[in-house]
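What follows is the residue order along each chain.
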Amino acid sequence: MEDALKLAGTTYRSRLIVGTGKYNSFHETQKAIEASGAEIVTVAVRRVNITDPNKENLLDYLDPKKYTILPNTAGCYSADDAVRTCRLAREAGVGTLVKLEVIGDDKTLFPDIPATLEAAKILVKEGFVVLPYITDDPITAKRLEDIGCAAVMPLAAPIGSGLGIRNPYNMRIILEHARVPVIVDAGVGTASDAAVAMEMGCDGVLMNTAIAGAKNPILMAEAMRLGVAAGRKAFLAGRIAKKLYATASSPRDGILNEPHVPIPDFDLYLVTDRSQTRGRALLRVLERGLDGGIKAVQLREKDLGGKELFLLAEAARKLTYRYRAALFINDRIDVALATGADGVHLGRESFPITRARELVGARKFIGVSTHSLEEAQEAEDQGADFIVYGPVYFTASKANYGAPQGLMALKKIVENVSLPVYAIGGVKSENSRETKKTGIRGIALISAVVSASDPKTAAEEIIAQLRR
């Protein structure tokens, strides 16, 4: 109990809170919770029977002497519904400790913040101990704390996405200012995600899908228990200071004490260009392309000022979250960091890759545009994660980068660098298969999708060709 979680006047040995939905049976739920070591268990009042003793009841499988039951308002879409649900749980004898969820969007399950604030005010006045589910917004967290909530529970990523903490910068701001426990809620995918949250200084982690949706939920529950414990110990121990070594044998050696992660697989790398949308809103075109299966986007709007680009990138980040796609910002590392993008894409005139790595860290990705074997090898030597090479075929948008390089030159690039290579320049549905045969990881596109009459159909057709 030397490092116990203190929540609403009660202390807990475990800093892991687990849900009870999405399991195959109440028996599996019981076994997973036991393996997790959790002492607080959250239950959706509207979805699981905890009030009718004449029907199979989840509480029959949870010893009330062993677990604190935390009723939640999952499935509520208004403040009134959430307040009513909490009152029902109290009348059923579950207690006054509640997890407040007011959903604002059916697809992402993001919370409705105004409704959450409204419900929190009512519930706190009625004597409930409120733990609200919120976005990773420091202002919302502060307002809920001021209302009298016992903790704040910002999401790491959309519910059920398993993406881990996508915006550590906002999370750190919340942690710096909060005077109540900060518990990460939603978006954890595996034990390392839980450990990262705890290493940042979060007071706890709440999860359901990451355990219930695993191939072996009971084993994953145990892994999460260990991940949370390890992360907390690491936070208390304190990591070594990060040092920069200009003479390191590799650009990454000694730069960051974080594990580097491999670039994810994606077939299409969409590069945006507002001038080619045929008068349509870029975000609408982007959404259609994502709906067609695109899993990586480079926001390449060079003519925009800092504020305009930031606002556009924020909106693009929301779309890529929704479709579980990666977002890269062209050149602007500040915008990439501020919006929680997955990385940056550097061009011929950008500053050195090694300096970019120092700024973005080891867990962000760096893509580099190249137009020759020498440039590709230099990008690899300096620590890029992937390269975009071209133009492969003739295209007006790449005319200033020289003559088309052709498939033989592309194949030579693939054979002489170990990084994933994406071909760009004139690649379309009809030549995508022969382009893929050179060994590239995928194709980078602009007009083939952005200018298409239906970007969704265009993306689907090209992906189908690449996967044949």
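Cut-offs applied
- Residues numbered from 1 in each chain as written.
- Predicted model: local features only at pLDDT ≥ 70, side-chain atom pairs only at ≥ 80, totals over all residues.
- Heavy atoms only, no water.
- Helix = DSSP H or I, 4+ residues; strand = E, 2+ residues; numbered from the N terminus.
- Buried < 20%, exposed > 50% of the residue type's maximum accessible area, 1.4 Å probe, protein only.
- Polar contact = N/O pair within 3.5 Å; in protein donor to acceptor, adjacent residues only side chain to side chain.
- Disulfide = S-S within 2.5 Å.
- pLDDT = per-residue confidence, 0-100.
- Contact = heavy atoms within 4.5 Å.
- Axes fitted to C-alpha atoms, helices over the stretch in contact; angles between N-to-C directions.
- Parallel < 35°, antiparallel > 145°, perpendicular 65-115°, else oblique.
- Left-handed = near helix turned anticlockwise from the far one by under 90°.
- Nonpolar A, V, L, I, M, F, W, Y, C, P; charged D, E, K, R; others polar.

K.L.:
Would you explain the environment of His177 in this entry?
P.N.:
Summarising the element assignment, His177 is placed in helix α5 (residues 168–177). A residue is classified by how much of its surface remains accessible, and His177, at 53% relative accessible area, is exposed. In this structure the C-alpha to C-alpha distance between His177 and Lys142, which are 35 residues apart in sequence, comes to 7.7 Å. A polar contact of 2.9 Å, which involves the side chain of His177, links it to the backbone oxygen of Ile173.

K.L.:
Any chance you could explain the state of the cysteines here in plain terms?
P.N.:
Cysteine pairs can be covalently joined through their sulfur atoms, and such a bond is termed a disulfide. Scanning the entire structure with this criterion turns up zero disulfides. With no disulfide partner, Cys76 has as its closest neighbouring cysteine sulfur the one in Cys86, 7.5 Å distant. Cys76 sits in the buried class, given a relative accessible area of 0%.

K.L.:
Sorry if this is basic, but what is going on with the confidence of the model for the protein here?
P.N.:
Close inspection of predicted coordinates is inappropriate for parts of the model with low pLDDT. On average, the protein scores 88 in pLDDT, and the residues at 70 or more come to 91%. Mean pLDDT values over the elements of the protein span from 88, in α5, up to 97, in helix α3 (residues 113–125). The low-confidence segment residues 242–259, where pLDDT is below 50, has 31 contacts with residues more than four positions distant or belonging to other chains.

K.L.:
Would you mind going over the packing of helix α13 (residues 373–381) against helix α14 (residues 406–416) with me for this structure?
P.N.:
Axis angle and axis distance: for two packed helices, these are the angle between their axes and the distance between the axes, and together they describe the pair. Following both chains from N to C, one finds α13 and α14 inclined at 25°, their axes separated by 10 Å at the closest point. The orientation of α13 relative to α14 falls into the category roughly parallel. The crossing of α13 and α14 is right-handed. Touching Leu373, Ala376, Gln377 and Glu380 of α13 are Lys412, Ile413 and Asn416, all from α14.

K.L.:
Hey, could you run me through the packing of helix α4 (residues 138–147) against α5 in this one?
P.N.:
The geometry of α4 relative to α5 is characterised by a closest axis approach of 9 Å and an angle of 30° between their N-to-C directions. Relative to α5, α4 is oriented roughly parallel. Once α4 is placed against α5, the crossing between them reads as right-handed. Across the interface between the two elements, Pro138, Ala141 and Glu145 from α4 touch Asn170, Ile173, Ile174 and His177 from α5. Of the residues assigned to the contact of α4 with α5, the class counts are four nonpolar, two polar and one charged.

K.L.:
I would appreciate a short explanation of unusual backbone geometry in the present structure.
P.N.:
Most of the time, phi is negative for any residue but glycine, and the peptide bond is trans. Put simply, Gly390 and Pro391 share a cis peptide bond, and its omega is 5°. Residue placement: Pro391 occurs in the loop between β16 (386–389) and α14. Positive phi is not limited to glycine here, since Lys22 has a value of about 70°. Residue position: Lys22 is located in the loop between β3 (16–19) and α1 (26–36). Although it is not a glycine, Arg324 sits at a positive phi angle of roughly 55°. Topologically, Arg324 is positioned in the loop between α10 (306–322) and β13 (326–330).

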